[in-house]
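Now for the letters of each chain:
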Amino acid sequence: MSSTETPAPSTRGDRRPRDMAFSLAILLIPIALLLLFYRFVLDGDKPATADPKPALQEARNAALFEVAEPQGLGKDWHLQTALFRRGDGGGTLRLGYVDPGDKPLQLVESSVATATLIPAELGSSPKATGTIRSGARAWQKYDARKGEVALVLIEKGRTIIVVGSDRSEHLEELVSSLP
């Protein structure tokens, strides 16, 4: 073989399992480091949080119903969404939470007529299943859409609905936090 000849390319048989493992390690180590950075430095596993103050203030300024803001929920409750919308039939405030069991719950307060609001929020055929007392209030319990349960309070000028997973143990805790 002369010095100008190039060596023949290696064949597949020249590769060893150790080379394959080394190649995979080179790829997996940066991916693992990025994942650890995301989870521990950037708190990537924590639910997103929202500031409820603008939506609550907008609902109070609209003066369509008395706004009930949850009080005394622990740090393990995370508010993810806060939105107030005004429509033809009234106004609706929505506060979306992640409860301590990592299940979503939604608090809906509205001045929309109850006959319109309940089917819109709970599905076309919600079924009343009982009553739950929280303080001096009696909340009607509904089986809502598949896999959901709702607690509904109907008062003059407003309806409050707390809806969440039928496996959530924290519906009543959210209800009891309302003044």
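You'll find the structure just up there.
What you see is a predicted model, and the numbers here were worked out from it, not measured in a lab.

So, how was this worked out
- Residues numbered from 1 in each chain as written.
- Predicted model: local features only at pLDDT ≥ 70, side-chain atom pairs only at ≥ 80, totals over all residues.
- Heavy atoms only, no water.
- Helix = DSSP H or I, 4+ residues; strand = E, 2+ residues; numbered from the N terminus.
- Pairing = 2+ DSSP bridges.
- Axes fitted to C-alpha atoms, helices over the stretch in contact; angles between N-to-C directions.
- Contact = heavy atoms within 4.5 Å.
- Phe/Tyr/Trp six-rings, centres within 6.5 Å; stacked < 30°, edge-to-face > 60°.
- Buried < 20%, exposed > 50% of the residue type's maximum accessible area, 1.4 Å probe, protein only.
- Patch = residues over 30% accessible without salt bridge, like charges linked within 9 Å, V, L, I, M, F, W, Y side chains within 5 Å.
- Areas by Shrake-Rupley, 256 points an atom, 1.4 Å probe, with all protein chains shown as cover.
- Salt bridge = Lys/Arg side-chain N within 4 Å of Asp/Glu carboxyl O.

A. Just the environment of T116, in detail. Residue position: T116 is located in helix α3 (residues 114-122). Separated by 27 residues in sequence, T116 and G89 have C-alpha atoms that sit 8.9 Å apart.

B. Summary view of the sheet that holds strand β1 (residues 78-87). Pairing is antiparallel in the open sheet, where seven strands are placed in the order β1-β2-β3-β7-β6-β5-β4. Edge positions in the sheet fall to β1 and β4 (127-134), since each of these pairs with one other strand and no more. Taken pair by pair, the neighbouring strands of this sheet meet at an average axis angle of 20 degrees, ignoring direction. Judged from the nine bridges that link them, β1 and strand β2 (residues 90-98) form a sheet pairing that is antiparallel. By the bridge assignment, L83 is partnered in β2 with R94. Its contacts with the sheet put helix α2 (residues 53-62) on β1 and β2, and the angle it makes with β1 is roughly 30 degrees. Its contacts with the sheet place α3 against β2, β3 (104-110), β5 (137-143), β6 (148-155) and β7 (158-165), and it is angled at close to 10 degrees to β7.

C. How the structure looks around the packing of aromatic side chains. The final tally for this structure, using the stated rule, is two aromatic pairs. Measuring from ring centre to ring centre gives 6.5 Å for F65 and F84, while their planes differ by 45 degrees; the resulting arrangement is tilted. Taken together, the residues F65 in the loop between α2 and β1 and F84 in strand β1 connect sequence positions 19 residues apart. Ring centres 6.0 Å apart and planes at 85 degrees place the aromatic pair W77 and Y97 in the edge-to-face group. Linking W77 in the loop between α2 and β1 with Y97 in strand β2, this pair joins segments that are 20 residues apart in sequence. Classification of Y97 by relative accessible area gives buried; the value is 9%.

D. Molecular detail of a nonpolar patch on the surface. Taken together, the side chains of I29, L33, L35, L36, F37, Y38, F40, V41 and L42 present a nonpolar region at the surface, about 960 Å² in accessible area. Within the secondary structure layout, F37 lies in helix α1 (residues 17-41).

E. Examining the pairing of β2 more closely. Within β2, eight of the nine residues are buried, leaving the element largely enclosed by the surrounding structure. As paired elements, β2 and β3 share seven bridges and run antiparallel to each other. Bridging from a neighbouring strand, R94 pairs with V108 of β3. The turn linking β2 back onto β3 is made up of five residues, and D102 within it adopts a positive phi angle of 65 degrees.

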